[in-house]
Amino acid sequence: MFSIGILGFIVWSHHMYAVGLDVDTRAYFTAATCAISLNKSLGVTTSSKSFSKFKILNYSTNTNNSFKQLTIWNKQLGISSMFFKSKLTNTEKSLINLTPRVKSILIGLILSDGWLQKKGHWNPRIGFKQSLINFTYFWHVYNELAYLCSGLPLLSKAITRGKLFFSLSLQTRQLECLNEIFNLFYLVNKGQIIKTVKPELFFYIDYLVLAHWIMGDGSKRAKGLILCTDNFNLQEVVLLVNILIIKFNINPTIQKEKNKFRIYINEKSLIKIKPFILPFFVDHFLYKLN
């Protein structure tokens, strides 16, 4: 209590004499200092309702303790404090938001191997699946999106052409914040959900999006690479090509293979974008750039 009083006096003195405030302003700071001192010294707590309009995100990237730690900008968020709760309240779900980094990753996934699910009036969820061979990439993505999930990835197996294959998959929770991504790629027409590409995507695509798009659906072709856009029609592929031309100043072309339209990035364009996407690449997929 005594220390708080001393600190309040110093703050008061600073505002009175150091900055030359007028009489009315000095009176305000005097009253505010007294109020703060009384509030702290008497143990008065402010009602949480006063802060109900603010969204506060508390993430812990260390599962060995219960402390709420800061997350370094542009780094993985890791597992959140709500990870081990199978069900969240609507209030808890509303506290979960997408960082610019996570938005770029999700868009890159949807352009490649990811998908969105939405039923009726429920919020959407995002799914992602990779062969066990691509474990390092899958685990990299999972670490980025773990705070959106309610559990660990699932291991599954399937027999294709007589061979046994293993794969890993993840699904996020059904979250309000994912509607922004859903509205970029999907239309709802007479109850049917149709995947598409909207012009607004231009404002979201960056090098991080492109890196995950290539890692997920890119394949080496001669000295360039092919982006498999089999899920999109010609008009949508043309829109994607124009976005790439304007955003990255490259010259991609459209190639038709088995009645599907794909985007080819030639050697010159690949050399131009490589320094910018390389920092986001997982070592497992570096062969696509070399």
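Preceding this section is the structure that the text describes.
Scope of this entry: the structure provided in the associated data block. (Residues numbered from 1 in each chain as written. Predicted model: local features only at pLDDT ≥ 70, side-chain atom pairs only at ≥ 80, totals over all residues. Heavy atoms only, no water.)

## Section: the packing of aromatic side chains
Both the distance between ring centres and the angle between the ring planes are used here to describe each pair of aromatic rings. The following threshold applies: Each Phe, Tyr or Trp ring (for Trp, its six-membered ring) is paired with any other whose centre lies within 6.5 Å, and the angle between the two planes then decides the class: stacked below 30 degrees, edge-to-face above 60, tilted in between. Secondary structure counts use DSSP, requiring at least four H or I residues in a row for a helix and at least two E residues in a row for a strand, with both numbered from the N terminus. Per-residue accessibility, obtained with a 1.4 Å probe over protein chains only, is compared with the maximum for each type, and a residue is labelled buried under 20%, exposed over 50%, and partly exposed between these values. Two conditions define a charge located above a ring, namely a distance within 6 Å from the ring centre to NZ of Lys or CZ of Arg, and an angle within 35 degrees of the ring normal.
A full pass over the atoms with the stated rule returns 10 aromatic pairs. Their ring planes at 5° and their centres at 5.9 Å tell us that Phe-128 and Phe-138 sit as a pair that is stacked. Placement of the pair is Phe-128 in strand β2 (residues 125–131) and Phe-138 in helix α5 (residues 135–145), with a sequence separation of 10 residues. Residues Phe-128 and Phe-138 agree in their burial class; the two are buried. Between Tyr-207 and Phe-276 the ring centres are 4.7 Å apart and the planes differ by 20°, which places this aromatic pair in the stacked class. One end of the pair, Tyr-207, is in helix α7 (residues 207–217); the other, Phe-276, is in helix α9 (residues 267–277), with 69 residues separating them in the sequence. Judged by relative accessible area, which is 44%, Phe-276 ranks as partly exposed. Counting every residue linked through ring pairs, the aromatic cluster contains Phe-128, Tyr-137, Phe-138, Phe-285 and Tyr-287. Positioned over the ring face of Phe-182 is Lys-118, at 5.6 Å from the centre of the ring. Lys-288 extends its terminal NZ or CZ atom over the ring of Phe-285, reaching a point 4.4 Å from the ring centre.

## Observations regarding a nonpolar patch on the surface
Applicable threshold: To count toward a patch, a residue needs a relative accessible area over 30% and no salt bridge; like charges are then connected within 9 Å, while nonpolar side chains (Val, Leu, Ile, Met, Phe, Trp, Tyr) are connected within 5 Å. With residues, only the protein chains shown are counted as cover, and all accessible areas are computed by Shrake-Rupley using a 1.4 Å probe. The term salt bridge refers to a pairing of a side-chain nitrogen on Lys or Arg with a carboxyl oxygen on Asp or Glu at a separation within 4 Å.
Taken together, the side chains of Leu-132, Phe-135, Trp-139, Leu-152, Leu-155, Ile-159, Leu-164 and Phe-166 make up a nonpolar region of the molecular surface, amounting to roughly 800 Å² of accessible area. Secondary-structure elements contributing two or more residues to the nonpolar patch are α5, β3 (154–160) and β4 (163–171). Inspection of the secondary structure assignment puts Ile-159 in strand β3. Assessed through its relative accessible area of 66%, Ile-159 is described here as exposed.

## Thoughts on the sheet that holds β2
Threshold: At least two DSSP bridges between two strands are required for those strands to pair. Interaxial angle, 0 to 180 degrees, is taken between N-to-C directions of lines fitted to C-alpha atoms, where a helix line uses only the stretch in contact.
Taken together, 4 strands build an open sheet; the order of strands is β1-β2-β4-β3 and the sheet is antiparallel. If you trace the sheet from one side to the other, it starts and ends with β1 (115–117) and β3, each paired once. Neighbour-to-neighbour, the strand axes of the sheet open up by a mean angle of 35°, direction not taken into account. Where β2 lies against β4, 5 bridges are found, and the strand directions are antiparallel. From the neighbouring strand, Gly-127 faces β4, where its bridge partner is Gln-171.

The analysis is restricted to geometry; functional conclusions fall outside its scope.
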